[in-house]
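Topology and contacts: notes
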Amino acid sequence: MDVVGTRSAMLLIREAFYGTTRFDDFAARVGITDAIASARLKELVAAGIFAKRPYREPGQRTRYEYVLTPMGQDLLPAVLALMRWGDRYLQTDGEGPLAVVEDSTGEPVEVRARSASGADLDADGIRLRVNRRSAAVQRR
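Going along each chain's sequence as written, the residues are numbered from 1 onward. The predicted origin of the model limits local features to residues at a pLDDT of at least 70 and limits the giving and counting of side-chain atom pairs to 80 or more, whereas totals for whole chains, interfaces and linings rest on all residues. Note: side-chain values were computed over all heavy atoms of the structure, leaving out hydrogens and water.

Regarding the UniProt feature "domain: HTH hxlR-type" (unreviewed entry) in the protein chain
- The positions that UniProt labels "domain: HTH hxlR-type" (unreviewed entry) are, in the present scheme, residues 1–94.
- End-to-end, the C-alpha atoms of residues 1–94 are 27 Å apart, and along that stretch the chain is 55% helix and 15% strand. UniProt positions are given in the numbering used here, feature names are shortened, and annotations may be inferred rather than shown by experiment. Only DSSP runs of H or I reaching four residues or more are called helices, and only runs of E reaching two or more are called strands; each is numbered from the N terminus.

Remarks on the pairing of strand β2 (residues 62–68)
- Pairing geometry for strand β1 (residues 50–56) and β2, over 7 bridges, is antiparallel. Counted as the bridge partner of Phe50 is Leu68 from β2.
- A pair of strands is treated as paired once DSSP finds two or more bridges between them. Between β1 and the antiparallel strand that follows it, β2, lie 5 residues; Gly59 among them carries a positive phi value of about 80°.

Description of the side chain of Ser8
- Within the secondary structure layout, Ser8 lies in helix α1 (residues 7–18).
- Contact criterion: two residues are considered in contact whenever any of their non-hydrogen atoms come within 4.5 Å of each other. In contact with Ser8, not counting residues within four places along its chain, are Ile32, Ile36 and Arg40.

What to know about helix α3 (residues 34–46)
- Taking 1.5 Å of rise per residue, the 13 residues of α3 would be expected to cover 18 Å, and the 18 Å separating its terminal C-alpha atoms lies within 8% of that figure.
- Here α3 has its buried residues at Ala37, Arg40, Leu41 and Leu44. An end-on view of α3 places all buried positions within 100° of arc, on one side of the element. For α3, the exposed residues lying more than 90 degrees away from the buried face are Ala35, Lys42 and Ala46.
- Where α3 is buried, its residues meet α1, α2 (23–30), β1 and β2.
- Of the residues trailing α3, Gly48 is marked for its positive phi of about 90°. One less than the residue count of a helix, multiplied by 1.5 Å, gives the span that helix is expected to have. Type-normalised accessible area, obtained with a 1.4 Å probe on protein chains alone, sets the label of each residue: buried when under 20%, exposed when over 50%, and partly exposed for intermediate values. Comment: arc refers to directions from the helix axis out to C-beta atoms.

Describing α2
- Buried within α2 are the following residues: Phe23, Phe26, Ala27 and Val30. Across the axial projection of α2, the buried residues extend over an arc of 95°, all falling on one side.
- Where α2 is buried, its residues touch α1, α3, β1 and β2.
- Of the residues flanking the end of α2, it is Gly31, one or two places downstream, whose phi is positive at about 80°.

Some thoughts on the pattern of salt bridges
- Here a salt bridge means any side-chain nitrogen of Lys or Arg lying within 4 Å of a carboxyl oxygen belonging to Asp or Glu. Scanning the model with the defined rule gives 8 salt bridges in all.
- The partner of Glu15 in a salt bridge is Arg14, and the shortest N-O contact between them spans 2.8 Å.
- Judged by relative accessible area, which is 6%, Glu15 ranks as buried.
- Across the salt bridge formed by Arg53 and Glu65, the nearest N and O atoms sit 2.8 Å from each other. A residue pair is termed long-range when its members are at least 10 positions apart, and Arg53 in strand β1 and Glu65 in strand β2 qualify at 12 residues.
- Relative accessible area serves as the criterion here: at 42%, Arg53 is assigned to the partly exposed category.
- One network of salt bridges, with partners in common, ties together Glu110, Arg112, Arg114 and Asp120.

Here it is in structure tokens:
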């Protein structure tokens, strides 16, 4: 949560999933100051969620775009789940302004907790346990 727990960090990550890569676009679309955008993007790059990639418009100086790394891409289920939760509980009609659909079919995308065998789970169907490696470290 230290890395992605701020509103601005989550919105920057969401915008990256929408296809935003350039600093000015991030700041404008998220509605934050350049200083906040710069600080958050720097933190997200340091954490490994974004990578900076140089680009150069003809006749301009080299600038950087921000792209999600594999670590950042792995946040997709969390971002989608938060979007759906907000749509369901914070919108008057239960639908948000955007629908997330499968590109090839147009079918709605769902985010669910599933077991490795594919069974849908709710909170009553899961439990927590200490991983073997963590347990071995604790015994030392």
